[in-house]
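# Overview (structure and organization)
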Amino acid sequence: MIRVGIVGASGFTGGELIRLVNQHPEFKLTFLGGNSSAGKRPAQLHPGLRLDLGLTIEPVTAEAIAERCDVVFLATPAPVSAELAALLADRVECVIDLSGAFRIRTPELHERWYPKARRGTGLADRFVYGVPELVGDQLVGAPLISVPGCYATAITLGLAPLTLGLGLDLKTVVIDGKSGSSGGGVQLRVPDLHPLRNGAIAPYAPTGHRHAAEVGDFLERSKPGSVGSLTMSAYGVSHVRGLLASAYVFTDDEVDGRELQRAYLRFYKEHRFVRVRRNTETLIPVPDPQAVLGSNYCDVTVLHDEEGGRIVVLAALDNLVKGAAGQAVQAANKRFTLPEETGLTMQPVMPA
């Protein structure tokens, strides 16, 4: 049995981790950490978890985590994760960070997008960027894993067959992202109040997003293929869970629409959590976030807009599962050489 700790247990992602770890046949939850919520039971913070886990949330100390955990998930803000990872890196068998503290390898880019997350010298280079479908072999036995952001997961999985599979040089990529309110976490902010968020399409990052920088940084290090310019606009919409990332891709390479679909099917043939779909195959057009809610799936569609001279890639996922906690558990499965789907076989809930 693999002993598991979760730090940041009071947040939305922390709650999802508790839910997934508790149903995992090979994991045993042994530590819940969160300084501001110390002394509380998980069910007090997460009403859906009316379970007696035999644990209360405790103050976070490196000593307690090292003594009681084989793997620890850090569902904490980036500055906190940067500090904790430095303390735990050589004391716990595996540290899996769900923040942005170690996602961007390039120091200058990291400083721009995460200026408060101060990283120890050389520590970032030790982290594996944890997209299991793309770096699965690197995760086996990895002591340090950085889980991609929710948007970054959708965008990277959407673009990888073009760059890593077909080796295309993408001249320009424009991302349009729309996500639900749970992506903002549990911190109270005026724009997220129900009277303002309900029914809204709020352009909260219209000229740039740190997840776009994260994708560019990863793809730049993952040849073949290249990405010249990758820009993003992000919008908050009124649903709670789920996101849709629409990528509009321009390339000077020759493109065949039928080959694109075949290339995506080949690329993800052995990866059960990425479902390559035709846009019109169901009662509703897909990908649609509501068709993946509660699951670890990412639905991907590729289309060739011949008249517009572009490739359109659509990717939808549940930002709290495949975009966070589910992917973290999937990465842990790979790390400990368990079947990738262990504890993650739940199907989407629809309507939700």
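Report follows, based on the coordinates. Nothing here was measured: the structure is a model prediction, and the numbers come from that model.

### Observations regarding the pattern of salt bridges
Enumeration over the complete set of coordinates arrives at 20 salt bridges. Between Arg275 and Asp299 there is a salt bridge; the shortest N-O distance is 2.7 Å. Of this pair, Arg275 sits in strand β11 (residues 274-276) while Asp299 is found in strand β12 (residues 298-305), placing the two residues 24 residues apart along the sequence. Using a relative accessible area of 22% as the deciding quantity, one classes Arg275 as partly exposed. Taken together, the salt bridges that share partners define one network made up of Glu16, Arg19, Arg241 and Asp318.

### Some remarks on a nonpolar patch on the surface
Together, Val190, Leu193 and Leu196 make up an exposed nonpolar region whose accessible area comes to about 260 Å². Counting through the fold element by element, Leu193 comes out in the loop between β7 (169-179) and α8 (194-197). Among the residues examined, Leu193 registers a relative accessible area of 36% and is labelled partly exposed.

### Section: the packing of helix α7 (residues 150-165) against helix α10 (residues 257-267)
A pair of packed helices can be characterised by two numbers: the angle between their axes and the separation between those axes. Orientation of α7 relative to α10, taken along the N-to-C sense of each, is 95°, at an axis distance of 10 Å. Accordingly, the angle class assigned to the pair α7 and α10 is roughly perpendicular. In this structure, α7 contributes Gly158, Leu159, Ala160, Pro161, Leu162, Leu164 and Gly165 to the contact, and α10 contributes Leu260, Tyr264 and Phe267. Across the contact of α7 with α10, the residue classes break down as 8 nonpolar, 2 polar and no charged.

### A closer look at unusual backbone geometry
Going from Val286 to Pro287, the amide bond is cis rather than trans, its omega being 5°. Cis geometry marks the peptide bond from Met350 to Pro351; its omega dihedral reads 0°. Within the fold, Pro351 resides in the segment after α11 (321-335).

### So, the sheet that holds strand β4 (residues 94-97)
Pairing in this open sheet of 6 strands is parallel, and the strands run β2-β1-β3-β4-β6-β5 from one edge to the other. Here the strands that pair on one side only, and so sit at the sheet edges, are β2 (27-33) and β5 (128-129). Two elements, β4 and strand β6 (residues 144-146), share 3 bridges in a ladder whose sense is parallel. Residue pairing in the sheet places Asp97 in a bridge with Ser146 of β6.

### A word on the nonpolar core
Core analysis: the largest hydrophobic core is formed by 80 residues, its most contacted members being Ile6, Phe73, Ile96, Leu159, Leu162 and Val173. It is α7 that provides the largest number of residues to this core, a total of 9 residues. In this structure Phe73 touches Val4, Gly5, Ile6, Val7, Leu17, Val21, Ile96, Leu98, Ala328, Val329 and Ala332, once residues within four positions along its chain are discounted. Counting 27 residues, the second-largest nonpolar core is a separate cluster that includes Leu74, Leu88, Phe127 and Ala213.

### Some thoughts on the environment of Thr106
Structurally, Thr106 can be placed in the loop between β4 and α5 (107-113). Each C-alpha atom, one on Thr106 and one on Ala124, is 9.0 Å from the other, the two residues being 18 residues apart in sequence.

### Observations concerning the environment of Asp192
Tracing the backbone shows Asp192 in the loop between β7 and α8. In this structure the C-alpha to C-alpha distance between Asp192 and Ser182, which are 10 residues apart in sequence, comes to 9.6 Å.

### Considering the pairing of β2
Burial of β2 is extensive: 6 of the 7 residues sit out of reach of the surface. Note that strand β1 (residues 2-7) and β2 share 6 bridges and pair parallel. Across the sheet, residue Ile2 finds its bridge partner in β2, namely Phe27. Tracing the backbone out of β1, into helix α1 (residues 12-22) and back to the parallel element β2 gives a crossover that is right-handed.

### Things to note about a negative patch on the surface
A cluster of like negative charges, contributed by Glu254, Asp256, Glu306 and Glu307, occupies part of the molecular surface. Summarising the element assignment, Asp256 is placed in the loop between β10 (243-251) and α10.

### Points about the pairing of β7
Two strands pair when backbone bridges link them, and β7 and strand β9 (residues 226-237) are joined in this way by 10 bridges, in the parallel orientation. The residue of β9 that forms the bridge with Leu170 is Val227. In this structure, β7 lies alongside β10, joined through 9 bridges in antiparallel fashion. Within the sheet, the bridge partner assigned to Gly177 lies in β10 and is Ala245.

What counts and what doesn't
Residues numbered from 1 in each chain as written. Predicted model: local features only at pLDDT ≥ 70, side-chain atom pairs only at ≥ 80, totals over all residues. Heavy atoms only, no water. Salt bridge = Lys/Arg side-chain N within 4 Å of Asp/Glu carboxyl O. Helix = DSSP H or I, 4+ residues; strand = E, 2+ residues; numbered from the N terminus. Buried < 20%, exposed > 50% of the residue type's maximum accessible area, 1.4 Å probe, protein only. Patch = residues over 30% accessible without salt bridge, like charges linked within 9 Å, V, L, I, M, F, W, Y side chains within 5 Å. Areas by Shrake-Rupley, 256 points an atom, 1.4 Å probe, with all protein chains shown as cover. Axes fitted to C-alpha atoms, helices over the stretch in contact; angles between N-to-C directions. Parallel < 35°, antiparallel > 145°, perpendicular 65-115°, else oblique. Contact = heavy atoms within 4.5 Å. Nonpolar A, V, L, I, M, F, W, Y, C, P; charged D, E, K, R; others polar. Pairing = 2+ DSSP bridges. Core = buried A, V, L, I, M, F, W, Y, C linked by side-chain atoms within 4.5 Å. Right-handed = clockwise from strand over helix to strand, strands pointing away. Lys, Arg positive; Asp, Glu negative; His and termini not counted. Charge placed at Lys NZ, Arg CZ, Asp CG, Glu CD.

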